[in-house]
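Listed here are the chains, written in short residue letters.
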Amino acid sequence: MRILGVRPARLSLHAFLIVTSLVWLVPVIWALYTALRPFADTAKHGYVSVGGSYGAKNFTDAWSQADMMHFFLNTIVITVPALVVTLFFASMAAFVIARFRWRYNVALLVLFTAGNLLPQQAIITPLFRIYTNIDLPTWLSDSGELYDSTLGLILIHVAFQTGFCVFVMSNYMKTIPHEISEAAVVDGASVFRQYWQLTLPLCRPVLAALATLEFTWIYNDFYWATALISTGDKRPITAALANLQGEFFTNNNLVAAGSLLVAVPTLIVFFALQRHFIAGLTLGSSKG
Amino acid sequence: MSSAQNSPYARGVSRRSLFRGAVGLAGVSALGIPALSACSSSKSSGGTGGDAGAATGTVTIGSNGSDPVPKKAFADLFAAANTATGLTTTVNTVDHNTFQQNISTYLQGTPDDIFTWFAGYRMQFFAQQGLLHDVNDVWDKIGGNFSDAIKAQSKGLDGKYYFVPDYYYPWGLFYSKSLWSSKGYTAPTTWDDFITLCKKMKSDGLSPVALGEQDGWPAMGTFDYINMRTNGYQFHIELMQGKQAWTDAKVKATFDHWTELLGYTSPGANGRKWQDAVTMVMNGQAGMCVHGLDQAGPVFQQAGKSDDLDFFAFPAIDPANGQDAVEAPIDGWMMSKKPKNHDGAVKLLQWLGTAPAQNTYLASSPNDVAAASNPDTSKYNTLQKKSIEFVSSAKQISQFMDRDANPTFVSTVMIPALQKFIGDPTSIGSALSDIESQKKTIYAG
Amino acid sequence: MSRKRGKLRLLTGRDKAVLTAMAGVPALLTTALIWVPALGSIVLSFSKWNGIGGFDQIQWIGGKNYYNITHGYPPFAPAWHHNLIWFAVFVLIPAPLGLYLATQLDKRIRGSRIYQNIFFLPVVLSLALVGFMVELIYAPEQGLINNLTGHTKPGNLVDWIGNPHLNLFAVLTLAVWRQTGYVMILWLAGLKAVDPALREAAALDGANEWQTFRRVVLPSLRPVTIVVTVITVVETLRAFDIVYVVNRGKNGLELLSTLITDNIVGEAIRVGFGSALASILLVVSLLVIVPYLVVTFRRDD
């Protein structure tokens, strides 16, 4: 009924979004363009130039020289458990903080949120000591300790990321109407059922958003992976990218190609989870 | 990596003995045989190098050569090592930057038996901290393979050897032969000729000296050379070791010379990557650059212009010092404090310290030169041959500011100071007293 | 208070135990791996130590590190200044821009998911690539900007990364580029909490888009606003990676986190000095964040 009135506004909105998107894409397109060119061409003619040859050689070289398949598998083994446990832990803690009034709530919230304030480097010296002094059986860690073990890496990701997720989710859960859980209490539902069957399904948008962000952070982590793992072969995909860089000389065209390859899985995850937090799935509709 | 060497007990020994001392060691030994065998191998560590000939088993190697060229060179090297020594080698490769940043925790965690590192203060520091095993018994065998200057770079402050040199590369002024012959430039040997050449290049529309200082370290090479030419090697090294004052008028004289040169240095250095600076030289936009063969070489090589690269020695400033000192960083091998296979590691290092082994590595990495004297140079290119002459004629060898001085001092004080100086040369007057006072807090312990 | 206690009393003992475990296990993990090392850093800030050897190697020197930081460490003051600029820019650009993009993309417009992907793209790129992009865009002779504007000659080149008066803003541009998509995702998720019935009611009342946004959407977004505010503070205080990949936080790009890293990561390090810097950062952060959390939490109750 208001189609005629809306149209100019929609048009200018699309114009704005298209222009902004193009600005947003310039660095990526430029990197992609460079990644398609051999080093010899960009060295002779500069990055801002056309000519020479174009092709996917940097991509195939990066894939094989960095042994990416191996490191992708490492990354999956680290990222997936870390992500699942982080969201599980965080949603439980957030549920307690947001849905129950008890006296330690503020303290808990500060404990989780403020744990995010420090740069990772600030805690590494004591953390390294803790990690080298916790022994593990060999079936858990072939180094015999938490240091240089995949488990240790997963644990620090969970510890470091849970705080942020608790903070986001507890704020989000406060927007869920209390009547829902109160009805459940009258039903006699246990708290765990209130959490698992009533609250979590309503948190799908925020869980999806956090899963996307957390996957991105953990997947792209390089700091913990290098500070707490000393065996090169156990490191994640970010280390494979670093492996393409030399003591001095680095073929940046090759690194750009490798980096673009490495970015693909995160985009796939984003794409897969996206429908959970875009228009269509609303609190209102799931309530009904 | 092989499972036997990765036994948690064996690793536990190396860690515990570092942090918990004898008590922890005894506790672990009680766990069983693997610990005992690890102990016995470390007991023999002070012992005779002669035993190493019979050593067998696996030696673990920590390598920082992760990118394609050195990775292949190392792979070739250790394939040859397995054949030559009868040992089995397993290589743990970590990228260069990470390896450097985590070296301290690496050595205190679960280090490999031997690993790649640098000569200079950076080796001596870890020796002094007790994180290295001396390699005197290696040197009993390989001593004849190296010049005295290189031997001197392989010892800790306690006079013991901790380092087995592998290769080096010289720093100098690199240029494009085709550009120079087309313009008729010749290599200057004195500062005045150098400045005259810069003036000529400028009038020819070139940036005389290209510099890319965004990463903070490349300009150190220029400082090192001007300082050694102005004040001599001894003063320079003592300055690096914190024994001379940065407020000394001699240091100011170095910066004064450099200020003159900055007038001929490409502007915008602090926002340029060093590879772009070398590229300017390669493409004839700049006349020359102060760099190492390990940096200039690969850029020319990857662009298919290896034959166009040449270099000359940094010109003399004070005739008393001439062109005596050469900056030639040496990369090599060290042994961790408690190697799991000490005898094997000694045997492997004795082989790595020979010219044939070093040339095996260099076959895939032509921008370095074997550290051992009298290598077979039949496969060397012109620049490698020139590098040998260049370094063997040197009266003294320096490493590099970030290898000769305390690394924290260099990264937290000198990099900011040099970048500030390059951005604004007049700032150095007041900066030197800041440098000196920060040096005192950092070196004091 | 009475209401709170009343509420807990409704729970069975088993429920209370379950609740304690649900909050307790994550809290224990965070305490063990984040807070214990953080407290360790505070203790170490009174020491002199290179991080090597047993704890008996540590020399205790009282507050001397703090004195040296405030009296003889030139980058300390600029780092604060830069962090504050960083904060101002993050408050003024990515937070509102992310909200604007999210509200627009939340409408059923054509291509919404594609736009979202584009805005999110910078968040997923590896640091190695972002570092190279800085060179591609800003390098004096090789960079896109100087080439497009004709500023590549020695006489006229603009030194985006080397000039200490320009480089912070050059780098911040890329930081904003990444932060906007990040914040946008959170706003997008938050917009799901806005009851569509309320919007329809407002539209029926004749409210225009802006009025609906101000009176209906924004109040419903309050929890997300709190989240974005805290994230902006946290990301400001922890800001590190782009600056570090450009020039390790030197020459006009000093930030508190790069100073900490300079002293704590690497060889021959100054653990005590770096820990003192970290402790200062932690205490200041807590002074900002804790009152904010307490106030907002109380008000929500």
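About the thresholds
Residues numbered from 1 in each chain as written. Chains lettered and ligands numbered in written order. Predicted model: local features only at pLDDT ≥ 70, side-chain atom pairs only at ≥ 80, totals over all residues. UniProt positions renumbered as here; feature names shortened; annotations may be inferred. Helix = DSSP H or I, 4+ residues; strand = E, 2+ residues; numbered from the N terminus. Contact = placed C-beta atoms within 7 Å. Nonpolar A, V, L, I, M, F, W, Y, C, P; charged D, E, K, R; others polar. Buried ≥ 20, exposed ≤ 12 C-beta atoms within 10 Å, placed from the backbone. Axes fitted to C-alpha atoms, helices over the stretch in contact; angles between N-to-C directions. Parallel < 35°, antiparallel > 145°, perpendicular 65-115°, else oblique. Left-handed = near helix turned anticlockwise from the far one by under 90°.

As recorded by an unreviewed UniProt entry, chain C carries the name Sugar ABC transporter permease and is attributed to Catenulispora subtropica. Turning to chain C, the UniProt annotation filed under Subcellular location (unreviewed entry) states: "Cell membrane". UniProt lists a comment for chain C under the heading Sequence similarities (unreviewed entry), and it reads "Belongs to the binding-protein-dependent transport system permease family."

Looking at an unreviewed UniProt entry, one finds chain A named Carbohydrate ABC transporter permease, with Catenulispora subtropica as its source organism. The annotation that UniProt attaches to chain A under Sequence similarities (unreviewed entry) is "Belongs to the binding-protein-dependent transport system permease family."

Colleague: Is there a simple way to think about the UniProt feature "domain: ABC transmembrane type-1" (unreviewed entry) in chain C in this case?
Modeller: Taking the UniProt record as the reference, the feature "domain: ABC transmembrane type-1" (unreviewed entry) is found at residues 80–294 of chain C. What you have in residues 80–294 of chain C is 74% helix and 0% strand, and the ends, taken at the C-alpha atoms, are 25 Å apart.

Colleague: Explain the environment of C:Pro140 here, please?
Modeller: Looking at the element boundaries, C:Pro140 is found in the loop between α7 (127–138) and α8 (144–149). Residues within four places of C:Pro140 in sequence aside, it is in contact with B:Gly268, B:Gly271, B:Arg272, C:Asn146, C:Thr152, C:Leu157 and C:Asp159.

Colleague: Explain the interface of chain C and chain A here, please?
Modeller: For interface size, the figure often reported is the accessible area lost on association. At the junction of the two partners, chain C supplies 90 residues and chain A supplies 92 residues. Looking at the side of chain C that touches chain A, the element that brings in the most residues is helix α2 (residues 13–44) of chain C, giving 18 residues. For the side of chain C that touches chain A, a count of residues per class yields 65 nonpolar, 14 polar and eleven charged.

Colleague: Help me understand helix α17 (residues 355–362) of chain B, please; the structure alone is not making it clear to me.
Modeller: Quick reminder: α-helices carry 3.6 residues per turn. Residues three or four places apart thus point the same way. For α17(B), a buried count of six out of eight residues is recorded, marking the element as mostly surrounded by other parts of the structure. Along α17(B), the positions that sit buried rather than exposed are B:Ala357, B:Gln358, B:Asn359, B:Thr360, B:Tyr361 and B:Leu362.

Colleague: So what exactly am I meant to see when it comes to the packing of helix α14 (residues 274–282) of chain B against helix α15 (residues 293–302) of chain B here?
Modeller: How two helices sit against one another is set out by the angle between their axes and by the gap between those axes. Residue and element names in this part refer to chain B. Relative orientation of the contacting elements α14 and α15 amounts to 60 degrees, with a least axis distance of 10 Å. Judged by the angle between their axes, α14 and α15 are oblique. Regarding α14 and α15, the two cross each other, and that crossing is right-handed. Residues Trp274, Gln275, Val278, Thr279 and Met282 of α14 form the contact with α15, whose participating residues are Gln295, Ala296, Val299 and Phe300. Partitioning the contact of α14 with α15 into residue classes produces six nonpolar, three polar and no charged.

Colleague: In this structure, what is going on with the interface of chain B and chain C? I would like to understand it.
Modeller: Every contact between the two is made by 39 residues of chain B and, on the other side, 35 residues of chain C. Where the side of chain B that touches chain C is concerned, the elements lending two or more residues are α6 (103–108), α7 (121–128), α14, α20 (407–423) and α21 (428–443) of chain B. It is α20(B) that contributes the most residues to the side of chain B that touches chain C, nine residues altogether. Its residues placed into classes, the side of chain B that touches chain C shows eleven nonpolar, 21 polar and seven charged.

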